[in-house]
Amino acid sequence: MMRFIMKNKGIDSLETLRQQEIDNGVEFIACQMSMDVMGVKKEELLDNVRIGGVATYMERAENAGLNLFI
């Protein structure tokens, strides 16, 4: 449904948007604690996703021009 709505509104696909972000230097960090709680393994993550804890996130966020926490 989301893909259908995005296509109808002329929005690039999720894959295209993600590749644009990577090409522009966006860093994706998956929370290690959240992964442990939810049973997510590193092998299940997409390419270009780093794993880090709070210290990693805080250090990157402090030095970033823009920061999104999802």
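All values derive from a computational prediction rather than experimental measurement. (Residues numbered from 1 in each chain as written. Predicted model: local features only at pLDDT ≥ 70, side-chain atom pairs only at ≥ 80, totals over all residues. Heavy atoms only, no water.)

## Quick word on the pattern of salt bridges
Moving on, step 1. Throughout the structure, instances matching the rule amount to four salt bridges.
Moving on, step 2. Between Glu15 and Arg3 there is a salt bridge; the shortest N-O distance is 2.8 Å. In this pair, Glu15 sits in helix H2 (residues 14-23) while Arg3 sits in helix H1 (residues 2-8), placing the two residues 12 residues apart along the sequence.
Moving on, step 3. Relative accessible area serves as the criterion here: at 46%, Glu15 is assigned to the partly exposed category.
Moving on, step 4. Arg3 sits in the partly exposed class, given a relative accessible area of 49%.
Moving on, step 5. Residue Glu27 is joined to Arg50 by a salt bridge in which the shortest nitrogen-to-oxygen separation is 3.2 Å. Placement of Glu27 in the loop between H2 and strand E1 (28-31) and of Arg50 in strand E2 (residues 49-52) is noted, with a sequence separation of 23 residues between them.
Moving on, step 6. Looking at Glu27, the relative accessible area reads 32%, which means it is partly exposed. (Salt bridge = Lys/Arg side-chain N within 4 Å of Asp/Glu carboxyl O. Helix = DSSP H or I, 4+ residues; strand = E, 2+ residues; numbered from the N terminus. Buried < 20%, exposed > 50% of the residue type's maximum accessible area, 1.4 Å probe, protein only.)

## So, unusual backbone geometry
Moving on, step 1. Phi at Asn48 is positive, roughly 70°, even though this residue is not glycine.
Moving on, step 2. In this structure, Asn48 sits in the loop between helix H3 (32-38) and E2.

## Quick look at a nonpolar patch on the surface
Moving on, step 1. On the surface, Met1, Phe4 and Ile5 cluster together to form a nonpolar patch covering roughly 390 Å² of accessible area.
Moving on, step 2. Within the fold, Phe4 resides in helix H1. (Patch = residues over 30% accessible without salt bridge, like charges linked within 9 Å, V, L, I, M, F, W, Y side chains within 5 Å. Areas by Shrake-Rupley, 256 points an atom, 1.4 Å probe, with all protein chains shown as cover.)

## As for the confidence of the model for the protein
Moving on, step 1. Per-residue confidence for the protein gives a mean pLDDT of 90; residues scoring 70 or more make up 100%.
Moving on, step 2. Between the elements of the protein, mean pLDDT differs from a low of 85, seen in helix H4 (residues 54-63), to a high of 95, seen in H3. (pLDDT = per-residue confidence, 0-100.)

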